[in-house]
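Tertiary structure, described
Now for the letters of each chain:
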Amino acid sequence: MCPELHQIDAFTGAPFCGNTAAVCIMDRPADPVWMQKVAGEMNHSETAFLYYGSGNWNLRWFTPACEVDLCGHATLASAFILWTTGREKPGSAIAFETRSGTLTARKDGDWITLDFPAEPITSGVSVPGLDRALGISPVFVGRNRFDILAELPSAADLCTLEPDMAALATIPARGIIVTAVSDLPHFDFVSRFFAPSVGVLEDPVTGSAHCCLGPYWGEKLKKTELCGFQCSARGGTVRVTLRGDRVILGGHAVHISSGQLLV
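Residues numbered from 1 in each chain as written. Predicted model: local features only at pLDDT ≥ 70, side-chain atom pairs only at ≥ 80, totals over all residues. Heavy atoms only, no water.

Here we take up the overall build of the protein. Counting its regular elements, the protein contains six helices and 18 strands. Radius of gyration (C-alpha) of the protein: 18 Å, near the 18 Å computed for a compact globule of 263 residues. Going through the 263 residues of the protein one by one, you find that 56% of them count as buried. When contacts within the protein are restricted to residue pairs at least 6 apart in sequence, those whose partners lie at least 24 apart make up 60%. (Helix = DSSP H or I, 4+ residues; strand = E, 2+ residues; numbered from the N terminus. Rg over C-alpha atoms; globule rule 2.2 N^0.38 Å. Buried < 20%, exposed > 50% of the residue type's maximum accessible area, 1.4 Å probe, protein only. Contact = heavy atoms within 4.5 Å.)

Here's what the structure looks like:
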């Protein structure tokens, strides 16, 4: 087995922006230990592993440190490369079997859309050490099954944030979503995402975080269609449509490189 390996920039229309994912296409299931080693070698925030079986594509996601239950940008990258390589017909819906159930990707004009579970916060919470780790006191803190969400007073506070990563890594959550209402035209909210506990200091653009951000800002702004900008150094745009207990995430992708694994 010599799997194909592709590098895709997701949630962006420009190369070297957005969030880079490696997509490994295999002809059969692989040993998770091997997949973790490949993800560590790639050293992107996520590496996606795909193989076809039982009528659908089976998809798993690994950071350089561990396997995760949900990832947006590597799913978008996986759909993009399946269409690009002709494994799926252009414009056809693609179903992925994952640890978060069946996820579907479709084309909507020049956008790629992902049908994902909504992951709203359950309530406001107190998170010991969060203020110190962020270096600022949020105006609201909540959490869902994956992450902690912290709303800051302003977008300027968000953009200049320099958190203590070692302190953030001690907080029991996959990651810390930090957000504020947008001060940019054409965007409803801005965000950043820190996940040192799973080997990702700052994720450039985090689709799965928008499964939480969408419901949060949708309720606050009384909107069902929103657009978010993740203001990391690379930056990226995520369109969010709320549909009950599902969110439709929209983005673009750019093909950066392709090759083959020899080990």
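That shown, we press on.
Backbone geometry places Phe 11, a non-glycine residue, at a positive phi of 60°. Among the secondary structure elements, Phe 11 is positioned in the loop between strand 1 (4–10) and strand 2 (19–25). For Phe 11, a relative accessible area of 2% puts it in the buried group. Phi is positive for Lys 222, close to 55°, though the residue is something other than glycine. A relative accessible area of 70% places Lys 222 in the exposed class.

By the burial criterion, the buried members of helix 1 (residues 32–42) are Met 35, Gln 36, Val 38 and Ala 39. Taken down its axis, helix 1 places every buried residue within 160° of arc, on the same side. More than 90 degrees from the buried face of helix 1, the exposed residues found are Lys 37 and Glu 41. Against strand 3 (46–53), strand 4 (56–62) and strand 5 (67–68) lie the buried residues of helix 1. (Arc of directions from axis to C-beta.)

If you walk through the whole model with that rule in mind, you get seven aromatic pairs. Measuring from ring centre to ring centre gives 5.7 Å for Phe 140 and Tyr 216, while their planes differ by 25°; the resulting arrangement is stacked. Taken together, the residues span a long stretch of sequence, with Phe 140 in strand 10 (residues 140–143) and Tyr 216 in helix 6 (residues 210–221) at a distance of 76 residues. Each member of the aromatic cluster is reached from another via a ring pair, and the members are Phe 140, Phe 189, Tyr 216 and Trp 217. Here the basic side chain of Arg 174 rests over the ring of Phe 146, its NZ or CZ set 4.9 Å away from the ring centre. (Phe/Tyr/Trp six-rings, centres within 6.5 Å; stacked < 30°, edge-to-face > 60°. Lys NZ or Arg CZ within 6 Å of the ring centre and 35° of its normal.)

Below, the discussion takes up the nonpolar core. In summary, soluble globular proteins display a tendency toward joint burial of nonpolar side chains. One finds Leu 50, Trp 61, Phe 96, Phe 116 and Leu 249 to be the most contacted residues of the largest nonpolar core, which totals 38 residues. Considering each element in turn, this core owes the most residues, eight residues, to helix 2 (residues 73–84). Those residues in contact with Phe 96 that lie beyond four places of it in its chain are Leu 50, Trp 57, Leu 59, Thr 75, Ser 78, Ala 79, Leu 82, Gly 101, Thr 102, Leu 103 and Ala 105. (Core = buried A, V, L, I, M, F, W, Y, C linked by side-chain atoms within 4.5 Å.)

Evaluated as defined, the whole model comprises 13 salt bridges. Between Arg 60 and Glu 67 there is a salt bridge whose closest N-O contact spans 2.8 Å. Ionic pairing is found between Glu 119 and Arg 145, a salt bridge with its closest N-O pair at 2.9 Å. Residue Glu 119 is located in the loop between strand 8 (111–117) and strand 9 (123–124), and its partner Arg 145 is located in the loop between strand 10 and strand 11 (148–151); the two are separated by 26 residues in the primary sequence. The network of salt bridges with common partners includes Arg 60, Glu 67, Asp 69 and Arg 99. (Salt bridge = Lys/Arg side-chain N within 4 Å of Asp/Glu carboxyl O.)

Structurally, Thr 179 is set in strand 12 (residues 176–181). Separated by 95 residues in sequence, Thr 179 and Thr 84 place their C-alpha atoms 34 Å apart. Side-chain polar atoms of Thr 179 contact the backbone oxygen of Val 190, separated by 2.7 Å. (Polar contact = N/O pair within 3.5 Å; in protein donor to acceptor, adjacent residues only side chain to side chain.)

This part covers the environment of Thr 20. With respect to the element layout, Thr 20 can be found in strand 2. Considered as a pair, Thr 20 and Ile 256 are 236 residues apart in the sequence and their alpha carbons are 9.0 Å apart. Excluding residues within four positions of it along the chain, Thr 20 makes contact with Gln 7, Ile 8, Asp 9, His 44, Ser 45, Glu 46, His 73 and Arg 234. At a separation of 2.7 Å, a polar atom in the side chain of Thr 20 contacts the side chain of Asp 9. Side chain to side chain, Thr 20 and Arg 234 meet in a polar contact 3.1 Å long.

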